[in-house]
Amino acid sequence: MGDVVLCAKEGTLEGKETAASGVCFFLLAEVDSTWSSGRSFVSRILRRRKKPADSFEACFSASRTKNAEPSQISGMSTAKEKKRAKKMKNQPTSVTFPLDGGPSPSEIHFRNGGDGAPQHKKQELHFENSQQSFSRQKASHEMPKYVMVSPFVQARAAEMKAMLKAVKQKSSNTLVFQSLPRHMRRRAMSHNIKRLPRRLRELARIEAEKPEHQKKELPKSKCRKARRRHTNLVVEFNRRQRKNIWLETHIWHAKRFHMVKKWGYCLGDRPTTKSYRACYRAMTSHCLLQDLSYYCCLELIGKEEELLTALARMCNVDAGPTFAAIPCLAGKRQGALTLYQIDRYPEDALGPVTFMWKPRDKIDSTSESRQLWIWIHPTFKQDILAELKRVFQCSEPTEVCNPEPGVTQEENQKDITENIGQKRKKEDKEGEMVVPVKKIIGDGTRDPHQPYCWTSQTTGTVIRDLTMEILRYRLIGPLSHCVLTEALKTASVQTELDSTASDINSWWAEHCRNPDLMVLHNHQEAIFELLQGLGSSDVPSGTVLGLTVGDPRVNLPQKRLKAMPDPEKYKEGENVKQLILEGVPPKCAQSFLWDQNVRKNVIDNKMPEQDLNHLRSKLLVPGTHLDLGPQESKIPILLVQEPGKLAGEDRLGWGSGWDICLPKGWGMAFWMSFIYQGARVGGLQEALKHSLYKRTPHIPHDYPDSPAGIQFAKVLESNLLETFKRRPPAKRANYVKHGTLAPFHCPWDKLTQDWEARNKANGKQVPTLDSEAYTTEERASCGPSSGACMEESPVASRLDQQTETCSQNMQMEEERKVTDLHKRDEVTSSRAFCVLRSRKLLRQVSVWCRSTSGRNRRVQHLASKLDLTEDALLPIFQHYPRALVWVSLSLLKKGSPELHTMIFIPANEDLLQLSKDHDFCGPQEPKHSDRFKSKMSKRKGRKKREHNGKVTGSSASNTMNVTPAKHEDLVLGLWLDPLPDLTSHCSRALLGFVTQGDFSLASGCGEALGFVSLTGLLQMLIDQPADKKGLVLLRNPASLQYRFARLTVEV
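Residues numbered from 1 in each chain as written. Predicted model: local features only at pLDDT ≥ 70, side-chain atom pairs only at ≥ 80, totals over all residues. Heavy atoms only, no water.

Caption draft 1: Structural view of helix 26 (residues 684-694). Along helix 26, ten of the eleven residues are buried, which leaves the element largely enclosed by surrounding structure. Buried residues of helix 26: Leu684, Glu686, Ala687, Leu688, Lys689, His690, Ser691, Leu692, Tyr693 and Lys694, and no others. Just downstream of helix 26, Arg695 is the residue with a positive phi angle, here 60°. (Buried < 20%, exposed > 50% of the residue type's maximum accessible area, 1.4 Å probe, protein only. Helix = DSSP H or I, 4+ residues; strand = E, 2+ residues; numbered from the N terminus.)

Caption draft 2: Representation of the nonpolar core in the model. Among the nonpolar cores identified, the biggest contains 74 residues, and Leu889, Leu991, Leu1014, Leu1017 and Leu1047 are the most heavily contacted of them. Looking at this core, the element that brings in the most residues is strand 20 (residues 883-891), giving seven residues. Not counting chain neighbours up to four residues away, the residues in contact with Leu1047 comprise Cys849, Val887, Ser888, Leu889, Val1012, Leu1017, Gly1030 and Val1032. Listed in part, the 48 residues of the second largest apolar core include Leu289, Leu488, Leu534 and Val584. (Core = buried A, V, L, I, M, F, W, Y, C linked by side-chain atoms within 4.5 Å. Contact = heavy atoms within 4.5 Å.)

Caption draft 3: Just the pattern of salt bridges, in detail. On inspection of all chains with the given rule, the structure shows 30 salt bridges. Ionic pairing is found between Arg474 and Asp659, a salt bridge with its closest N-O pair at 2.9 Å. Within this pair, whereas Arg474 is found in strand 14 (residues 470-476), its partner Asp659 is found in strand 17 (residues 657-663), the two being separated by 185 residues in sequence. For Arg474, a relative accessible area of 18% puts it in the buried group. Overlapping salt bridges, with partners in common, bring together Arg472, Arg474, Glu642 and Asp659 in one network. (Salt bridge = Lys/Arg side-chain N within 4 Å of Asp/Glu carboxyl O.)

Caption draft 4: Representation of the pairing of strand 20 within the structure. Counted residue by residue, strand 20 has nine buried out of nine residues, so it is predominantly covered. Residues Ala883, Val885, Val887, Leu889 and Leu891 point to one face of strand 20 and Leu884, Trp886, Ser888 and Ser890 to the other, with burial holding for every one of them. Judged from the two bridges that link them, strand 19 (residues 834-835) and strand 20 form a sheet pairing that is parallel. Bridge assignment links Val835 to a residue of strand 20, and that residue is Leu884. Here strand 20 pairs with strand 23 (residues 1005-1013) via seven bridges, running antiparallel. In the strand pairing of strand 23, Val887 is matched with Gly1010. (Pairing = 2+ DSSP bridges.)

Caption draft 5: Just the side chain of Gln996, in detail. Inspection of the secondary structure assignment puts Gln996 in strand 22 (residues 990-1000). Engagement of the side chain of Gln996 in a polar contact is seen with the side chain of Asp702, the distance being 3.0 Å. The residues contacting Gln996, other than those within four sequence positions of it, are Leu688, Ser691, Leu692, Thr696, His698, Asp702, Ala1008 and Leu1009. (Polar contact = N/O pair within 3.5 Å; in protein donor to acceptor, adjacent residues only side chain to side chain.)

Caption draft 6: How the structure looks around the environment of Arg370. Counting through the fold element by element, Arg370 comes out in strand 8 (residues 369-376). According to the relative accessible area criterion, Arg370 is buried, its value standing at 2%. Remark: the alpha-carbon pair of Arg370 and Gly302, spanning 68 residues in sequence, is separated by 5.6 Å. When near neighbours in sequence (up to four residues on either side) are disregarded, Arg370 contacts Leu300, Ile301, Gly302, Glu304, Leu307, Leu329, Trp357, Lys358 and Arg360. Looking at Arg370, its side chain comes within polar contact range of the main-chain oxygen of Lys358, at 2.8 Å.

Caption draft 7: How the structure looks around the packing of aromatic side chains. Summed over all chains, the structure comprises 24 aromatic pairs. Both rings, one in Trp748 and one in Phe1011, keep their centres 5.6 Å apart while their planes meet at 75°; by these two values the pair is edge-to-face. Linking Trp748 in helix 28 (residues 748-762) with Phe1011 in strand 23, this pair joins segments that are 263 residues apart in sequence. An aromatic cluster is present here, built from Trp252, Phe257, Tyr473 and Trp671 joined pairwise through their rings. Positioned above the aromatic ring of Tyr1042 is the side chain of Arg988, whose terminal nitrogen or guanidinium carbon lies 5.5 Å from the ring centre. (Phe/Tyr/Trp six-rings, centres within 6.5 Å; stacked < 30°, edge-to-face > 60°. Lys NZ or Arg CZ within 6 Å of the ring centre and 35° of its normal.)

Caption draft 8: Focus on the sheet that holds strand 18 (residues 680-681). The six strands are arranged 15-16-17-14-4-18 in an open sheet whose pairing can be described as mixed. What marks the edges here is a single partner per strand, and that holds for strand 15 (544-550) and strand 18. Relative to strand 17, strand 14 runs antiparallel, the two being bridged by seven bridges. Bridge pairing in strand 17 links Leu471 to Leu662.

Caption draft 9: Inspection of helix 25 (residues 667-676) at higher detail. Within helix 25, seven of the ten residues are buried, leaving the element largely enclosed by the surrounding structure. Here helix 25 has its buried residues at Gly667, Ala669, Phe670, Trp671, Ser673, Phe674 and Ile675. In the segment just after helix 25, Gly678 is the residue with positive phi, at about 100°.

Caption draft 10: Looking closely at the sheet that holds strand 3 (residues 265-271). Taken together, the three strands give an open sheet; going across it, the order is 1-3-2, and neighbouring strands pair in mixed fashion. Either end of the sheet is taken by a strand with one partner, and the two such strands are strand 1 (245-246) and strand 2 (257-262). The sheet contact formed by strand 2 and strand 3 spans six bridges and is antiparallel. Within strand 3, the position partnered with Lys262 by the bridge is Tyr265. The strands that helix 26 touches are strand 2 and strand 3; relative to strand 3, the one it contacts most, it runs at about 70°. (Axes fitted to C-alpha atoms, helices over the stretch in contact; angles between N-to-C directions.)

Caption draft 11: Inspection of a positive patch on the surface at higher detail. On the surface, a cluster of positive charge is made up of Arg224, Arg227, Arg228, Lys255 and Arg256. In this structure, Arg227 sits in helix 11 (residues 224-227). (Patch = residues over 30% accessible without salt bridge, like charges linked within 9 Å, V, L, I, M, F, W, Y side chains within 5 Å. Areas by Shrake-Rupley, 256 points an atom, 1.4 Å probe, with all protein chains shown as cover. Lys, Arg positive; Asp, Glu negative; His and termini not counted. Charge placed at Lys NZ, Arg CZ, Asp CG, Glu CD.)

Caption draft 12: Molecular detail of the confidence of the model for the protein chain. Taken residue by residue, the protein chain gives an average pLDDT of 74. The fraction at 70 or more is 69%. Here residues 1-38 is a poorly scored stretch, pLDDT under 50, and it has 51 contacts once near neighbours within four places are set aside; other chains count. (pLDDT = per-residue confidence, 0-100.)

Have a look at this one:
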């Protein structure tokens, strides 16, 4: 370590000053390892004061030259000069390294060892060397006579502190071991300090203690074995389904399906494998399985007359069978209808429901308490439940659904804090350790803390929410009953209980002692076996069959099979014919599933899977049938026949099947039994295609007059619009140029308003729907060769001021016309639109839509009685001025309709061209001009000028006043609200929209389902010739090509 001495005259340092100076320069001597940076810093500080700086510079020079080599005294070589230049590269200009002076021969002698002179001789040599260095200073700087060390050190304490900080601070981001040459580095130096040289270990230790170099502590998560324990899995699964409830088959679906979160549930949307055609083949020739447990079940208990009286206000006989239908009221059939708000038919629809009455215990007893189940889609549940409570005057809740304490996350965290390092176990009431089970509480459409049972104070009617209490599976296909009969076996008679477990099947043993109930059970078993030889469409629609079966896990085969009918077992006889004609007797519809106590007993006494596998392992011959005896569970179920295609003349009965209702907790047991018998599983997309091929309305697409349908349309529009905006304008369709006013939604309200106004404007005269019937003003606003559209082309940067003002005036005039038209339509519309569901009127329209070439004798006889005249249509226009008709469409030639495809009325020349050329696909729509493109260009130019600062404050304020706020929502390629007249915007009159469409594998052509305006449909049928009745044109939103299609009204 270099020596530093105080340079002053003799006798100037005395006592305490000498000690202070020694302390001061001892601190300076500690920085020899980084001498260059420390010395330069001190030189930079002390040069600010001339007299002390010279003295200390000389001291530093003397001390530095003491350790210099002889070659440095005489001069520096080229390499040394480069090294020094590199060192001085980033130093300030005030920092200098003196090159003059050097060590004396005696200093060199003592440094290299010498003859070992005593210490006091070295100090004298040091003092002499310092005196010589002082004598070499410039003559202009005079030497101070004495230095007061204490004031001098106190005045420069802050400077020395900054110097020590600068010495200790690194000048680069390199680590300590990176300062070594490459051949001395080792990989272990980064984590093992002892691998470094001793002189660098202390620095490495200090560096390793810094926070940025500390290793981040990983979260203390459990190992996979602990996480996969049943107890921890149940807690984790319950936490993950707080917002979206899981079905009992969720984990099975999650491994094989694309999952979506809808209606408060997590549901399987479509399989991850390519199974589109395979699912269609299953629906057509075998069996397709779907989980419908997300459907909500509402239970109504009360007197039959009071229930029928109240429910009659929410439906109408004109729309079809109601709750009072005789087969449904007897409990042998399942009914279906559409509910409305109280006394609001045909407006204010709530949604479709299916219902089942519990069969009567006593015949011809109407005063007894009856039980009714109403199955509702979760989108319509809240609206229908609120209306039911209103019609029955229910206000006081009797039961509240509280979450189980064993499933909550808060108690789980509490157990963790109380028992750290111990296994979390739970105790039952008797103090025994038990494993918590998954408790399904409520559903995604209800708060678990809200009541689920309401009682009417006036009538005593009870409304109970049984959602997720009863599971529902659907099997679609002609062989669905073969799957049921192979997977399920009827329960055996049991009169004695097991001594070890008396609670298991106690209800079943009690009923087996009743001979009347045993006769009923045998009758149900005979019908169930008899149905094996029949197809699912051979039984009357909505047939209900009650049954009690054994544990389906016992009947699982070793390998997956494909259930097929056995011709030997099927013998056509009187019983089969009676079953096909009359269906299941009402008494066979009885089931213990209606009893809440039985359901609870079946759920609580289910044999665990672990115990069942343990019994299987004890079999002498593996794979043989396992006979559980009295320990086998008995499960009550309900089988409901799901009708197939009922309307039309082709593929009658296609898509029929069976629904099975069973108590909760047994979902996976029945699910795996059906899969092992060859059933293929489908998701929400397969259900959508099933309704399309069957030509039935799908929920909630085809219910636009209900609140849930309107909300669904808004969500769908926002999703499609967001997807549209993600693509650049050059990579997406310009719907303005295609003449598509609403590509992402169906403006039913606007469509019915326009047809109502058009009908009133025409009066009793039936308009001709030719392309020449449109005025020149409409063609100027829509056509591709209009002058206004030419003036509204995108403006250039140097457009003349007069032309720009003229185009702005024309645009404002057109906007004023559109706004006036919109206001006129709002005044004209006195009530909202509705969907026509009157069976009598739909039959009339269905007959009128059929051409003479496709009519049979019966249809021709009906058509002769129902003449399509103006006088016959006037009452319809008065009662249904703004009604929609649900229709099915089938393309004549090639083409595949899409969502929101537009339905148009063909012109006369289109029908003539089709008569001449049968290969004529359809006309083309002239390309429209984009009237909003000029506004977009102006807005972009204005923003660009404002960004560049070329717009003054006054002009900017005027611009903000002139530009309407709605122009800020302009999207290139889309129309802005309010929309112009929908019926006359294109060259053909718009009739309606498609809600779902695709190429149908069942019919081999493009098919679609949608709605059309009743007023426009009747006017089209009057104008069309007899052999061309029901022909319309379809055009996709992003296409200009029209295609012919056949329109039919399914009743």
